[in-house]
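Given next are the chains, with one letter for each unit.
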Amino acid sequence: MEEDLGTTRSAATAQRLDHAVKRLRGRLRTESGMYSLGLTITQLSVLRSVVDKGPITAARLATLEHVSPQSIAQSLAVLKAARLVRGEPDPQDRRKTLISADPSATELITSLLAGRESFLARAIDQVVAPEELEDLEKAIELLERLAAADLGGGA
């Protein structure tokens, strides 16, 4: 019986956490100005990976983003059309294409991240009492551990 209560509590906590994370992510997207760009979340995630890891192959991007090669190809087509990325032959293997970010893409990602961080800093200053900052740090540590959890590949 005690195990059932623990499982029920974990499930309820998981549901609350999922809802809170979704709301926060949505708020961060709004506050950063992301919605005004006309790019999807997936496209912006791919763009950020190209900015952070590029030059990079489409296959490596698909692995990093945990999506299919077809999904990466679609996102890259949009990003290329917007002139945010470009493809050039790999000097070591001319059969491969390396994707690089345009300087404007780097500026865009930097601006989006700055908007998110600015919102979070202001929200923390206004909503979190000084005596709660340590609790927030502990919560962040727990969220980082949850994000890194290896549960054996099951969904």
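Up top you'll find the structure we're talking about.
Bear in mind that the values here come from a model prediction, so they are computed numbers and not experimental data.

Novice: Looking at this model, I keep getting lost on the side chain of Ser32. Mind explaining?
Specialist: Tracing the sequence through the fold places Ser32 in helix 1 (residues 2–32). For Ser32, a relative accessible area of 12% puts it in the buried group. Separated by 3.1 Å, the side chain of Ser32 and the backbone oxygen of Arg29 make a polar contact. Ser32 has contacts with Leu112, Gly115 and Arg116, leaving out every residue within four places of it along the chain.

Novice: Would you mind going over helix 5 (residues 103–127) with me for this structure?
Specialist: Given 3.6 residues per turn, any residue in an α-helix points the same way as the ones three and four places further on. Under the 1.5 Å per step criterion, the end-to-end length of helix 5 is 36 Å for 25 residues, consistent within 8% with the ideal 36 Å. If you check which residues of helix 5 are buried, you get Ala105, Leu108, Ile109, Leu112, Gly115 and Phe119.

Novice: I would appreciate a short explanation of the side chain of Ser100 in the present structure.
Specialist: Position of Ser100 among the secondary structure elements: in strand 2 (residues 97–101). Judged by its relative accessible area of 12%, Ser100 falls in the buried class.

Novice: Please explain the nonpolar core as it appears in this structure.
Specialist: If you look at the biggest cluster of nonpolar residues, it comprises 20 residues, and the most contacted ones within it are Leu47 and Val50. The set of elements that each furnish at least two residues to this core consists of helix 2 (41–53), helix 3 (58–65), helix 4 (69–81), strand 2 and helix 5. Setting aside residues no more than four positions away along its own chain, Val50 makes contact with Ile56, Leu61, Val85, Ile99, Ser100 and Ala101.

Novice: Help me understand the pattern of salt bridges, please; the structure alone is not making it clear to me.
Specialist: A side chain of one charge can pair with a side chain of the opposite charge if their charged atoms are brought near each other. Summed over the entire model, instances satisfying the criterion amount to seven salt bridges. Taking the shortest distance from any N to any O, the salt bridge between Arg86 and Glu88 comes out at 3.4 Å. Of the charged contacts, one joins Lys138 and Glu134 as a salt bridge, the two residues approaching to 3.9 Å between their closest N and O atoms. Placement of both Lys138 and Glu134 in helix 6 (residues 133–148) is noted, with a separation of four residues, approximately one turn of the helix.

Novice: Quick question: what am I supposed to make of the packing of helix 2 against helix 5 here?
Specialist: How two helices pack is summed up by the angle between their axes together with the distance between the axes. Direction vectors running N to C along helix 2 and helix 5 enclose 115 degrees, while the axes themselves pass 10 Å from each other. By the angle class used here, helix 2 and helix 5 are roughly perpendicular. Seen from above, helix 2 lies across helix 5 with left-handed handedness. Contact with helix 2, carried on its side by Leu44, Leu47, Arg48 and Val51, involves Ala105, Thr106, Leu108, Ile109, Leu112 and Leu113 of helix 5 and no other residues of that element. Tallied by class, the residues present in the contact of helix 2 with helix 5 amount to eight nonpolar, one polar and one charged.

Novice: I keep staring at helix 2 and nothing clicks. Help me out?
Specialist: Here helix 2 is 13 residues long and its end C-alpha atoms lie 18 Å apart, about the 18 Å a rise of 1.5 Å per residue gives. Along helix 2, the residues that are buried comprise Gln43, Leu44, Val46, Leu47, Ser49 and Val50. Taken together, the buried residues of helix 2 touch helix 3, helix 4, strand 1 (85–89), strand 2 and helix 5.

Novice: Which parts of the structure should I look at to understand unusual backbone geometry?
Specialist: Phi is mostly negative for residues that are not glycine, and the peptide bonds are mostly trans. Residue Pro55 is bonded to the preceding Gly54 through a cis peptide linkage, with omega at -5 degrees. Unlike most non-glycine residues, His66 shows phi in positive territory, near 60 degrees. Mapped onto the elements of the fold, His66 is located in the loop between helix 3 and helix 4. You can call His66 exposed: its relative accessible area is 74%. One non-glycine residue, Arg83, lies in positive phi territory at about 60 degrees. By the secondary structure assignment, Arg83 is in the loop between helix 4 and strand 1. Taking relative accessible area as the criterion, Arg83 reaches 68% and is therefore assigned exposed.

How each quantity is defined
Residues numbered from 1 in each chain as written. Predicted model: local features only at pLDDT ≥ 70, side-chain atom pairs only at ≥ 80, totals over all residues. Heavy atoms only, no water. Helix = DSSP H or I, 4+ residues; strand = E, 2+ residues; numbered from the N terminus. Buried < 20%, exposed > 50% of the residue type's maximum accessible area, 1.4 Å probe, protein only. Polar contact = N/O pair within 3.5 Å; in protein donor to acceptor, adjacent residues only side chain to side chain. Contact = heavy atoms within 4.5 Å. Expected span 1.5 Å × (residues − 1). Core = buried A, V, L, I, M, F, W, Y, C linked by side-chain atoms within 4.5 Å. Salt bridge = Lys/Arg side-chain N within 4 Å of Asp/Glu carboxyl O. Axes fitted to C-alpha atoms, helices over the stretch in contact; angles between N-to-C directions. Parallel < 35°, antiparallel > 145°, perpendicular 65-115°, else oblique. Left-handed = near helix turned anticlockwise from the far one by under 90°. Nonpolar A, V, L, I, M, F, W, Y, C, P; charged D, E, K, R; others polar.

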